[in-house]
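Results of the structural survey
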Amino acid sequence: MLPANVKLIAVSKLHTVDEIYTAYKAGQKIFGENKAQELSSKYPELPEDIEWHFIGHLQTNKVKYIAPFVSCIHSVDSYKLLMEINKYAKKNNSVINCLLQFYIATEESKFGFTLSEAVSLLNMPEYKELNNVKICGVMGMASFTDDNDLIRSEFKELKNIFDILKLDFFNENEAFKEISMGMSQDYQIAIEEGSTMVRIGTAIFGERNY
Ligand SMILES: *Cc1c(COP(=O)(O)O)cnc(C)c1O
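Here is what the cut-offs are and how they apply
- Residues numbered from 1 in each chain as written.
- Predicted model: local features only at pLDDT ≥ 70, side-chain atom pairs only at ≥ 80, totals over all residues.
- Heavy atoms only, no water.
- Helix = DSSP H or I, 4+ residues; strand = E, 2+ residues; numbered from the N terminus.
- Expected span 1.5 Å × (residues − 1).
- Contact = heavy atoms within 4.5 Å.
- Polar contact = N/O pair within 3.5 Å; in protein donor to acceptor, adjacent residues only side chain to side chain.
- Near = heavy atom within 4 Å.
- Areas by Shrake-Rupley, 256 points an atom, 1.4 Å probe, with all protein chains shown as cover.

Moving on: helix 6 (residues 148–169). Look at helix 6: 31 Å from first C-alpha to last across 22 residues, which is about the 32 Å you get at 1.5 Å a residue. Buried residues belonging to helix 6 abut strand 5 (96–102), helix 5 (115–123), strand 6 (133–140), strand 7 (178–180) and helix 7 (187–192). The N-cap residue of helix 6 is Asp147: its side-chain oxygen and the backbone nitrogen of Asp149 are 3.1 Å apart.

A word on the site of the ligand. Within the structure, the ligand sits among Val11, Lys13, Ile55, Met139, Met141, Met183, Ser184, Arg199, Ile200, Gly201, Thr202 and Arg208. Between Ser184 and the ligand, the recorded distance is 2.5 Å, taken from a side-chain N or O atom to an oxygen atom. For the ligand, an oxygen atom lies 2.9 Å from a polar atom in the backbone of Gly201. Relative to its free-state accessible area of 380 Å², the ligand is covered by the protein chains to the extent of 91%.

For the rest of this paragraph, the subject is unusual backbone geometry. The general pattern is negative phi for most residues beyond glycine and trans for most peptide bonds. The residue Leu14 is not glycine, and still its phi comes out positive at about 65°. Within the element layout of this structure, Leu14 appears in the loop between strand 1 (7–11) and helix 1 (17–25). Even without glycine at this site, Asn93 takes up a positive phi of about 55°. Its location among the elements puts Asn93 in the loop between helix 4 (79–91) and strand 5.

Following this line, the structure appears as structure tokens:
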């Protein structure tokens, strides 16, 4: 179904532990959640070898709930958040994989860095002291629209940001390789534009009940 180089993050927010376990038994091992409390309450109910990815806006005061077990945080959108993740990873003697989230959509409601903000962060001397976070790539959400040309141009923008950061900051760093883009509605376009991680909820679990 998906190309071999593209990882599927099954987005299980608002779905039950039973539904997640069914997908797990069918072979899915990576799940994504967007609320710290929801994730930390599901985590103890499910098998240890699940790789949990955090994909939603994360408040700094919630980092401590997920830091002990989370594999990857896709939604790092401030230096303050990155410092907090580093702090709790250090407490747990671990290194947490992080993606920098970029603002690529036309909607005001979305979060993320601009390229120049990320460049400033990566140039800060303090950034180099953060030994318990590993920046593995970038993440973005396209506009919620039927305009596939717009969606494609936003994904191209994220790929371009990835390429610039790779060249300028992570050239020698093999860990910097992920482009997290694409959801149920737009993952095919995202894959054509270079996605390495698609975050798919509805197309796997059905509609969510809010
Ligand atoms: C909910 C969510 C998804 C999955 O969306 P679907 O349309 O259900 O596939 C992907 N990424 C983020 C950040 C989300 O919050």
